[in-house]
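Structural overview for review
Now for the letters of each chain:
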Amino acid sequence: MYDVIVIGGGPSGATAAEDLAREGRKVAMIDRAGRIKPCGGAIPPRAVRDFNIPDSQIVARINTARMISPTLRQVDIPIEDGYVGMVDREHFDEFLRVRAADAGAERHTGTFLRIDRDSQGTHVIYRDKQTRDEVRLSTKLVIGADGARSNVAKQEVPGGDKIPYVIAYHEIIKAPGKIGSYDPARCDVIYDGKISPDFYGWVFPHGDSASVGMGTENPDVDLKQATADLRAASGLTDCETIRKEGAPIPLKPMDRWDNGKDVVLAGDAAGVVAPSSGEGIFYAMVGGRVAATAAAACLASGQVKDLRIARKLFMKDHKAVFKILGAMQNAYYRSDERRERFVSLCHDIDVQKLTFEAYMNKELVKARPMAHIKIGIKNLMHLMGVIPATRA
C-alpha cells in the first residue's frame, strides 16, 4: 500500500514524487519513459533557486529576447541583472526522475490505464512497458501529472475532458553557432499570422542544439511547414534535425483539481501553462509541489477536503499573472494588426523592465506604480487605434 502514486514523471510529477519521498512517504511514480515533450525549454532564475536546479542542467543562458512582428520589425529586449536559463527536456526530465528515485520514490515504467476502487481501497492499473502485462498498485492517494489531455483528469475530475489547448510542434536541430539571424545567446519570438494565426513561433538556443517551433489552436495550420518557414527565415534550413516532437499544451487552469476523494491533479493535467507566453516548466514544478503539499495534508488529517489546498496555493500566488497574460493573449493574438501593435508596445522601456522582472521573480512588480499607469494608458491607446500600429 503506497501513500501516494504519482502518474506522470515530467517536471510536475517528478517534483511531487521527490517532495513526498523526502517527507518519508511511500511513493510510486509511473512514467511512460521515452516521450519528450515539445518545449522551448526556458526556465527563470526563480525556478533554479526554488527547485535547486544544478548548473549542469542549464545548457544555455540567454541575455536577450527578440520580438519579431508580422512586418519583420524587431525589438531586442535585454535581460538586465539576470538571464533566461535553457534546459533540454530529454535530459532535464530524466534528471528530475532520477532525483525523485534517489529521494526514495519507486519508479515504474508503463502506461496508465485506469483507477479502480473496492473495499480494499484505491488501485492504479498500468501496462508495464517491457512485459506488456497489466500491473495493479494499491494506494491511499493519486496525483495525476500525466500532461495535457490527461487520462486521469478525464476519468476522475469534473471538466477534465474540456481543457482548451494549443498544439505545439518543434524541431530540435544542431545549432551552427552565430549564423544568419540566429544568435546562440538570444531567444527569438515570432508574432506572425503566417506562422501561427493565434499564438507564436520561436527559435530558442539550447547550447549545441536549438528548438525551432510554433503552436496553434487552428487544426488547418500545417505545423511542419510553418516550422520549415521559421527555419528558413533564421538561416537554419540546412542544419541537421535531431528530433521532431508535437503535443498539446493547455492554456487555462482547471476550475477544479481534485475529485473530492483520492485524486488531485498537477502541472499540465491541471492546465497550468501560462497564457500568452506558453511558459510551463516552472508552473508545472510549482503545481507538483502544491499537489504534494495537499496530499501530505490529506494524509495527515484524513480529510479529503485538504486536496483542495493544491489549487488554492497555486492560484494565491499566480492567479493575477495568469489573468493578465490571458487578457494579453485575447487582446493581441487575434490578428496581425494587433500583433504589430503588441511588438510596438514592447519598445517601451517600462514594459521591458517590468516584464522581465516579473518573469524572473514570477510575481507582479509593484515598486513602480507610475510605470504601470503609463503602460496601461499606452496599452489602451494601442487597442483603441490611437497610436499607429508601426509606432513605438
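Right above here is the structure, for reference.
Keep in mind that this is a model prediction, so the values were computed, not measured.

**Some thoughts on the overall build of the protein chain**
- A tally of helices and strands in the protein chain yields ten helices and 16 strands.
- In the protein chain, the share of contacts with a sequence separation of at least 24, taken over all contacts with a separation of at least 6, comes to 69%.
- Roughly 16800 Å² of accessible area belongs to the protein chain as shown, and the carbon and sulfur atoms make up 51% of that amount.

**Overview of the packing of helix α1 (residues 11-22) against helix α3 (residues 89-103)**
- Orientation of α1 relative to α3, taken along the N-to-C sense of each, is 20°, at an axis distance of 8 Å. Considered as vectors, α1 and α3 are oriented roughly parallel to each other. Crossing of α1 over α3 shows left-handed handedness. Contacts from P11, A14, A17, E18, A21 and R22 in α1 reach R89, F92, D93, L96, R97, R99, A100 and A103 in α3.
- Grouping the constituent residues of the contact of α1 with α3 by class yields eight nonpolar, no polar and six charged.

**What about the pattern of salt bridges?**
- In this structure the tally under the stated criterion is 31 salt bridges.
- Between R61 and D55 there is a salt bridge; the shortest N-O distance is 3.2 Å.
- Connected through shared salt-bridge partners, D31, E94, R97 and R107 make up one network.

**A look at the nonpolar core**
- Judged by nonpolar contacts, the single largest core of 70 residues is most densely connected at I53, I143, W257, L265 and F314.
- Once residues lying within four places of it in the same chain are set aside, the contact partners of F314 are W257, V272, Y283, V286, G287, V290, K319 and F322.
- Formed by 30 residues, the second largest nonpolar core is a distinct cluster that contains A42, I77, F204 and A331.

**Examining the pairing of strand β14 (residues 209-216)**
- The element β14 is largely enclosed, with a buried count of eight among its eight residues.
- Alternating positions in β14 separate into two faces, S209, S211, G213 and G215 on one and A210, V212, M214 and T216 on the other, with burial throughout.
- In terms of strand pairing, strand β11 (residues 165-174) meets β14 through eight bridges, oriented antiparallel. Looking at the pairing, I172 lines up with S211 of β14.
- Direction of pairing for strand β13 (residues 201-206) relative to β14: antiparallel, over a ladder of six bridges.

**What to know about the sheet that holds strand β15 (residues 241-250)**
- Taken in spatial order, the seven strands make up an open sheet running β6-β5-β12-β13-β14-β11-β15, and their pairing is mixed. Only two strands of the sheet have a single partner each, and these edge strands are β6 (74-78) and β15. Along the sheet, successive strands turn relative to each other by an average axial angle of 20°, direction set aside.
- As paired elements, strand β5 (residues 64-68) and strand β12 (residues 186-190) share five bridges and run parallel to each other. Bridge pairing in β12 places A65 opposite C187.
- Relative to the sheet, helix α5 (residues 223-233) contacts β11, β12, β13, β14 and β15, its axis offset from that of β14 by approximately 135°.

**Here we look at the packing of aromatic side chains**
- Under the criterion given, the structure shown has 15 aromatic pairs.
- Taken together, a centroid distance of 6.1 Å and an interplanar angle of 65° make the contact between Y283 and F314 edge-to-face. Linking Y283 in helix α6 (residues 281-301) with F314 in helix α7 (residues 309-332), this pair joins segments that are 31 residues apart in sequence. In this structure, Y283 and F314 share a single accessibility class: buried.
- Judged by centre distance (5.4 Å) and plane angle (45°), the ring pair of Y332 and F342 falls under tilted.

**Examining the environment of F282**
- If you trace the backbone, F282 turns up in helix α6.
- We classify F282 as buried; its relative accessible area is 0%.

**Considerations on the side chain of D31**
- Mapped onto the elements of the fold, D31 is located in strand β2 (residues 27-31).
- Since its relative accessible area comes to 14%, D31 is described here as buried.
- There is a polar contact of 2.7 Å between the side chain of D31 and the backbone nitrogen of G9.
- Ignoring any residue separated from it by four or fewer positions in sequence, one finds D31 in contact with G8, G9, G10, R97, H108, T109 and G110.

**Considerations on α7**
- The terminal C-alpha atoms of α7, which comprises 24 residues, lie 33 Å apart, in line with the 34 Å expected from a rise of 1.5 Å per residue.
- Three or more residues of α7 are buried, namely A310, F314, M315, H318, V321, F322, L325, G326, Q329, A331 and Y332.

**Remarks on the packing of α6 against α7**
- Contact pair α6 / α7: the axes reach a minimum separation of 7 Å and the direction vectors enclose 150°. Considering their axes alone, α6 and α7 lie roughly antiparallel with respect to each other. Along its contact with α6, which presents F282, Y283, V286, G287, V290, A291, T293, A294 and A297, the element α7 presents I309, A310, L313, F314, H318, V321 and F322.
- Residue composition of the contact of α6 with α7, by class: 13 nonpolar, three polar and no charged.

What counts and what doesn't
- Residues numbered from 1 in each chain as written.
- Predicted model: local features only at pLDDT ≥ 70, side-chain atom pairs only at ≥ 80, totals over all residues.
- Heavy atoms only, no water.
- Helix = DSSP H or I, 4+ residues; strand = E, 2+ residues; numbered from the N terminus.
- Contact = heavy atoms within 4.5 Å.
- Areas by Shrake-Rupley, 256 points an atom, 1.4 Å probe, with all protein chains shown as cover.
- Axes fitted to C-alpha atoms, helices over the stretch in contact; angles between N-to-C directions.
- Parallel < 35°, antiparallel > 145°, perpendicular 65-115°, else oblique.
- Left-handed = near helix turned anticlockwise from the far one by under 90°.
- Nonpolar A, V, L, I, M, F, W, Y, C, P; charged D, E, K, R; others polar.
- Salt bridge = Lys/Arg side-chain N within 4 Å of Asp/Glu carboxyl O.
- Core = buried A, V, L, I, M, F, W, Y, C linked by side-chain atoms within 4.5 Å.
- Buried < 20%, exposed > 50% of the residue type's maximum accessible area, 1.4 Å probe, protein only.
- Pairing = 2+ DSSP bridges.
- Phe/Tyr/Trp six-rings, centres within 6.5 Å; stacked < 30°, edge-to-face > 60°.
- Polar contact = N/O pair within 3.5 Å; in protein donor to acceptor, adjacent residues only side chain to side chain.
- Expected span 1.5 Å × (residues − 1).

None of this, on its own, says anything about what the molecule does.
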